[in-house]
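Below are the chains, spelled out letter by letter.
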Amino acid sequence: MGRDEFLAALDTNPVVGAILERAHQLETPNWYLTAGGLFQTVWNNLAGQDPQNGIRDYDYFYFDDSDISYEAEDRIIRRAAALFADLGVDVEVRNQARVHLWYEDHFGAPLSPYRSTEDAIDHFVSTTCCFGVRSEMDGSKTVYAPHGYEDLFAGVIRPNPLLPMRAVYESKAARWTSIWPELTVEPWRDYP
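Just so we're clear, the structure is a prediction, and the values are computed from it rather than from any experiment. (Residues numbered from 1 in each chain as written. Predicted model: local features only at pLDDT ≥ 70, side-chain atom pairs only at ≥ 80, totals over all residues. Heavy atoms only, no water.)

**Q** Please explain the side chain of Asp122 as it appears in this structure.
**A** Summarising the element assignment, Asp122 is placed in helix H6 (residues 117-122). Salt bridges are absent for the buried Asp122, whose nearest opposite-charge side chain, Arg115, sits at 5.9 Å. A distance of 2.6 Å separates a polar atom in the side chain of Asp122 from a polar atom in the side chain of Tyr144. Residues within four places of Asp122 in sequence aside, it is in contact with Cys130, Tyr144, Pro146, Asn160 and Leu162. (Helix = DSSP H or I, 4+ residues; strand = E, 2+ residues; numbered from the N terminus. Buried < 20%, exposed > 50% of the residue type's maximum accessible area, 1.4 Å probe, protein only. Lys, Arg positive; Asp, Glu negative; His and termini not counted. Salt bridge = Lys/Arg side-chain N within 4 Å of Asp/Glu carboxyl O. Polar contact = N/O pair within 3.5 Å; in protein donor to acceptor, adjacent residues only side chain to side chain. Contact = heavy atoms within 4.5 Å.)

Following this line, the structure appears as structure tokens:
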């Protein structure tokens, strides 16, 4: 199982398809649809469930360090809300160039500034979450999968040493296994 099977699974989720088709209209640099809307669609396919089952939101990340003000990001958030309003889902839009400005207040731990959207994806709490996909102007898809596809298709949740937040990892793993009980959760390890 690899990139082709990953994209084929995503094709079964009409929300993913609509976001990828429309996203160019936001004109944001270095963008990806990422996180739960992707890996949870694959899990639903593997479990024979509705492709949208259990997906809380769809994360749209971009990286624009030319203006990291709240106002600039909010303009994109509002444009996205209008663009995706008919989908009936929450599309969470975040400029990854400014995450470090609010992360500690929200999660209780400091965060170094990300260097790109890929860098942000690298820092998800589980390596199994580290996926991004975008559609290119020619209709092709760019996929970012730094840890490959093996754990995703095997249903293995593994902690990410780049974001050593045990409570967050265990909370997310508990939620995911309540929806997809066939998943295997690798135990937390203490990381240096």
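Still more to cover.
**Q** What is the right way to look at the packing of aromatic side chains in this model?
**A** Aromatic rings considered in pairs are described by the distance between their centres and by the relative angle of their planes. Per the stated rule, a full pass over the model turns up 14 aromatic pairs. Considering the side-chain rings of Trp31 and Tyr60, the 5.5 Å spacing of their centres and the 15 degrees angle between planes classify their relative orientation as stacked. Here Tyr60 lies in strand S2 (residues 58-62) and Trp31 lies in the loop between helix H2 (14-22) and strand S1 (32-34), a separation of 29 residues in the sequence. Tyr60 shares its class with Trp31; the two are buried. A ring pair is formed by Phe39 and Trp43, whose centres lie 4.9 Å apart and whose planes are at 70 degrees; its orientation type is edge-to-face. (Phe/Tyr/Trp six-rings, centres within 6.5 Å; stacked < 30°, edge-to-face > 60°.)

**Q** Just checking my understanding: could you explain the state of the cysteines for this structure?
**A** Every disulfide links exactly two cysteines, by a covalent bond between their sulfur atoms. Applying the stated rule across the entire model yields zero disulfides. Residue Cys129 stays outside any disulfide, its sulfur separated by 6.4 Å from that of Cys130, the closest cysteine. Overall, Cys129 belongs to the buried group, its relative accessible area being 5%. The buried category is assigned to Cys130, whose relative accessible area is 1%. (Disulfide = S-S within 2.5 Å.)

**Q** Explain the pairing of strand S5 (residues 141-144) to me, please; I cannot follow it from the model alone.
**A** Taken residue by residue, a regular strand's side chains alternate between the two faces of the sheet. With four bridges connecting them, strand S4 (residues 132-135) and S5 associate as antiparallel partners. Opposite Ser135, over in S5, you have Lys141 as the bridge partner. Between the antiparallel neighbours S4 and S5 lie five residues, among them Gly139 with a positive phi of about 95 degrees. (Pairing = 2+ DSSP bridges.)

**Q** So what exactly am I meant to see when it comes to the pairing of strand S3 (residues 91-95) here?
**A** Residues of S3 alternate between two faces, with Val91, Val93 and Asn95 buried on one and Glu92 and Arg94 left unburied on the opposite face. As paired strands, S2 and S3 are joined by five bridges and run parallel to one another. The partner of Tyr60 across the bridge, within S3, is Val93. Handedness of the S2-helix H4 (residues 70-83)-S3 crossover: right-handed. (Right-handed = clockwise from strand over helix to strand, strands pointing away.)

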